[in-house]
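Chain by chain, the residues:
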2 protein chains.
Amino acid sequence: MNSDINKKLQEQFLYQGLGFCGAITASVTHELNNILGTIDQLSGLLEDLALTLTQGDVATGNQLTAISDRIFKQTARGMTLVKRLNTFAHFRDDVAAKFDIYDAVENLLALMKRLALLKKVELILTKPAEEIIVKTNPFSLLEIIFLAINRILPCTKKETVIEVVLSKQNSDAVITIKSMHDGTLTRLSDGGYLRSLISHISGNTKESFDDVYYNFELKVPIPER
Amino acid sequence: MNSDINKKLQEQFLYQGLGFCGAITASVTHELNNILGTIDQLSGLLEDLALTLTQGDVATGNQLTAISDRIFKQTARGMTLVKRLNTFAHFRDDVAAKFDIYDAVENLLALMKRLALLKKVELILTKPAEEIIVKTNPFSLLEIIFLAINRILPCTKKETVIEVVLSKQNSDAVITIKSMHDGTLTRLSDGGYLRSLISHISGNTKESFDDVYYNFELKVPIPER
């Protein structure tokens, strides 16, 4: 056993995997910070209102209701995001789990929303007609989708969408990532680590494009009952 | 190159690493959820207050100030936690970084606080007399400390502390983890993955105990200027 090669492989898997986890966590923490910052400001408005009251004015119920409504909205947004991050954190523990691919991808794309919006691109997921249950490493599968989207993101036509479509073909689950490109596909990275992850979960990919569209397709075997 | 062995190694490093990341993230999301839940309740109090107002009562400035103060406290707590999680997320990107070991460990222990409190144990870090800069993989070093603390946590005497002490000895940074044990040290796990991580960062460890105390010592070389 060549220990240098092993060390390199370990590092490759370790750091790339953590890069994914780090990118998602960092993005979510930025958004949570915005939410908490907004609540902080609303709390400041409340204090201003309190000051007005002590000077003899009467705060109307409407003013208070307006502030509390805005706080409710922010906390709801925060709790949804925190719940999604928590789901993501728990995904990692399973080496080969059976799971609904739509639920997992829906959660991932929601967590990636901000990363896409920074590039003025929207992520759209189509719910499949039937439930698709796969049995694989959920974290690696999500990392593949994350990497594939991140790879095409810089070449996606601005202010368009990246569509993720889930379907069933014979005994495979098929994940298609499709977007209009801006003509700079030569800038696409080699994707060597992406390929090694795909082979790690025994998946198959096909990449294709024409003058307008770029298309990435990943097939993952569905377990027999 | 034996591909089965490689696959096993990859999985070991991949899942154990993500287990650390997942455990920290999951713990923090629970705490953030508590914070947002408290803000939500305070917002409910605000709405009650608004209702009282519309029924002809006058809210005093004091009541409003009390609620906004409590919201301020929760948002401040949340923002500190989010900042710490963000720092943690960014740590992972560096393969071999130069960093202040106190800052990194202080951040980790703050994120682990809840995990220790669940076992009725407090984590205490002593600031070293002088700055200690190491050059290593920060994520692996933090994971080692996380694993070493998690390993002793079930055997630590209830309602006592785990002390983490940082010091310099010749050309090494020394991290000591010390606690009173409850007499069940035979339950300590083998720590095979912990050892492989330690050798991964070229560290050295010594473990010792007597009737009262358990002691774990990790030495990491300090780079020459």
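Everything numeric here is computed off the predicted structure, so don't read it as measured data.

Structural notes on the sheet that holds strand 4 (residues 161–169) of chain A
Residue and element names in this part refer to chain A.
Thought 1: Taken in spatial order, the five strands of this open sheet run 2-4-5-7-6, and their pairing is mixed. The sheet terminates laterally at strand 2 (122–126) and strand 6 (204–209), the two strands that pair on one side only. Adjacent strand axes in the sheet meet at a mean angle of 15 degrees, parallel and antiparallel pairs treated alike.
Thought 2: Taken together, the six bridges between strand 6 and strand 7 (residues 213–221) define a ladder with antiparallel strand orientation. Residue pairing in the sheet places E207 in a bridge with F216 of strand 7.

Observations concerning the confidence of the model for chain A
Thought 1: Averaged over all residues, the pLDDT of chain A equals 86, while 87% of them reach at least 70.
Thought 2: Low confidence marks residues 12–17 of chain A, where pLDDT is under 50. Its contacts with residues over four positions away, or in another chain, come to 23 contacts.

Comments concerning helix 4 (residues 138–152) of chain A
Residues and elements named next belong to chain A.
Thought 1: Here helix 4 contains 15 residues, and its C-alpha end-to-end distance of 22 Å stays within 8% of the 21 Å for a straight helix at 1.5 Å per residue.
Thought 2: The element helix 4 is extensively covered by neighbouring structure, given that 14 of its 15 residues are classed as buried.
Thought 3: At the N-terminal end of helix 4, a side-chain oxygen is found 2.8 Å from the backbone nitrogen of F139, two or three residues along, and the residue is N137.

Quick notes on the packing of helix 2 (residues 61–91) of chain A against helix 3 (residues 101–117) of chain A
Each pair of packed helices can be summarised by the angle the axes make with each other and by the distance between the axes.
Residue and element names in this part refer to chain A.
Thought 1: Here helix 2 crosses helix 3 at 125 degrees, and the two axes come no closer than 10 Å. Taken together, the axes of helix 2 and helix 3 are oblique relative to one another. Considering only the axes of helix 2 and helix 3, their crossing is left-handed. On the side of helix 2, the interface is formed by L81, R84, L85, T87, F88 and F91, while helix 3 contributes A104, E106, N107, L108, A110 and L111.
Thought 2: For the contact of helix 2 with helix 3, the class distribution of residues is eight nonpolar, two polar and two charged.

Thresholds applied
Residues numbered from 1 in each chain as written. Chains lettered and ligands numbered in written order. Predicted model: local features only at pLDDT ≥ 70, side-chain atom pairs only at ≥ 80, totals over all residues. Heavy atoms only, no water. Pairing = 2+ DSSP bridges. Helix = DSSP H or I, 4+ residues; strand = E, 2+ residues; numbered from the N terminus. Axes fitted to C-alpha atoms, helices over the stretch in contact; angles between N-to-C directions. pLDDT = per-residue confidence, 0-100. Contact = heavy atoms within 4.5 Å. Expected span 1.5 Å × (residues − 1). Buried < 20%, exposed > 50% of the residue type's maximum accessible area, 1.4 Å probe, protein only. Polar contact = N/O pair within 3.5 Å; in protein donor to acceptor, adjacent residues only side chain to side chain. Parallel < 35°, antiparallel > 145°, perpendicular 65-115°, else oblique. Left-handed = near helix turned anticlockwise from the far one by under 90°. Nonpolar A, V, L, I, M, F, W, Y, C, P; charged D, E, K, R; others polar.

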